[in-house]
Amino acid sequence: MLRARLSKLCCVIGLFGLTACSEPHPSSGPSNGPEQVANRFYRILLAEPFGGLPTQEQLRPYRAVLHQELIRRLEEAYAAEQHYLATANEAVPPLVEGSLFGSLFEGVTDFQVERCQNARRTSRCLVTLIYDKQGERVEWQDELHLRQGRLGWQISNLTYGGKWDFAPSGTLQQRLDAVIAQNQIIEQGTVSHASSTAP
């Protein structure tokens, strides 16, 4: 009887936010931590794959999990590539081809987030990626970089981990910077050539 009264009292007090009578709700955990964001990113990649630099429409599903600085860099690189293609004197291939968000040109068919190492407002998540199609299976590990800001944890960069020939090296940011820099070099060369041929 005493236990039942104490239980009722606990529930009454709990209604006023002073305590709780039941177990903590599962959603009270860190549902938007680095590991969860990394999983969300790769689920989007499986559902919305693309090759090369993304258009605005292709980038749309990823915006919620990408840091604003990375989004801006992606947009700059895409604009630079479009300018390069439009001003080329002959048909040329895009500056970036194949999967952008992974080491393998063909893309990803499965993934496993292994672990995330947090330091203050940054995190690095090691991810095992798998490509398994038509009897070909490739497995490797890339590393996601995340940053915590006012919008929570978001992806700010990616380190490519593929060890085979022709796999991209370095980071996603470096790859985008190379596209922007290459277009600037071409632009400067065009301006210099125009100046030297002017009467």
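Residues numbered from 1 in each chain as written. Predicted model: local features only at pLDDT ≥ 70, side-chain atom pairs only at ≥ 80, totals over all residues. Heavy atoms only, no water.

Caption draft 1: Looking closely at the side chain of Gln173. Its place among the elements puts Gln173 in helix α5 (residues 172–197). Residue classification places Gln173 among the buried positions, given a relative accessible area of 11%. Of note is the side chain of Gln173, whose polar atom sits 3.1 Å from the backbone oxygen of Ser156. (Helix = DSSP H or I, 4+ residues; strand = E, 2+ residues; numbered from the N terminus. Buried < 20%, exposed > 50% of the residue type's maximum accessible area, 1.4 Å probe, protein only. Polar contact = N/O pair within 3.5 Å; in protein donor to acceptor, adjacent residues only side chain to side chain.)

Caption draft 2: The sheet that holds strand β1 (residues 110–119), seen in detail. Taken in spatial order, the four strands of this open sheet run β1-β2-β3-β4, and their pairing is antiparallel. Each of the sheet's edge strands pairs with one partner strand only, and the pair in question is β1 and β4 (152–159). Averaged over neighbouring strand pairs, the angle between their axes works out to 25° when direction is ignored. Note that β1 and strand β2 (residues 122–133) share nine bridges and pair antiparallel. Within β2, the position partnered with Ala119 by the bridge is Thr122. (Pairing = 2+ DSSP bridges. Axes fitted to C-alpha atoms, helices over the stretch in contact; angles between N-to-C directions.)

Caption draft 3: Representation of unusual backbone geometry within the structure. Of note, the phi angle at Arg120 is positive, near 55°, even though the residue is not glycine. Residue position: Arg120 is located in the loop between β1 and β2. Residues other than glycine seldom take positive phi values, yet Gln134 does so here, at roughly 50°. Along the polypeptide, Gln134 turns up in the loop between β2 and β3 (136–149).

Caption draft 4: Here's a closer look at the pattern of salt bridges. Following the criterion strictly, the structure yields nine salt bridges and no others. The partner of Arg124 in a salt bridge is Glu143, with the nearest N and O atoms 3.2 Å apart. Placement of Arg124 in strand β2 and of Glu143 in strand β3 is noted, with a sequence separation of 19 residues between them. Since its relative accessible area comes to 43%, Arg124 is described here as partly exposed. For Glu143, a relative accessible area of 22% gives the class partly exposed. Several salt bridges share partner residues, and in doing so they unite Glu69, Arg73, Arg147 and Asp177 into one network. (Salt bridge = Lys/Arg side-chain N within 4 Å of Asp/Glu carboxyl O.)

Caption draft 5: Structural context of the packing of aromatic side chains. This structure, assessed with the given rule, holds eight aromatic pairs. Relative to Tyr42, the ring of Phe41 has its centre 4.9 Å away and its plane inclined at 75°; by these criteria the two rings are edge-to-face. Each member of the pair, Phe41 as well as Tyr42, is classed as buried. Measuring from centroid to centroid gives 5.6 Å for Trp140 and Trp164, while their planes differ by 85°, and the two rings are edge-to-face. One end of the pair, Trp140, is in strand β3; the other, Trp164, is in the loop between β4 and α5, with 24 residues separating them in the sequence. On the basis of relative accessibility, which here comes to 29%, the residue Trp164 falls in the partly exposed class. (Phe/Tyr/Trp six-rings, centres within 6.5 Å; stacked < 30°, edge-to-face > 60°.)

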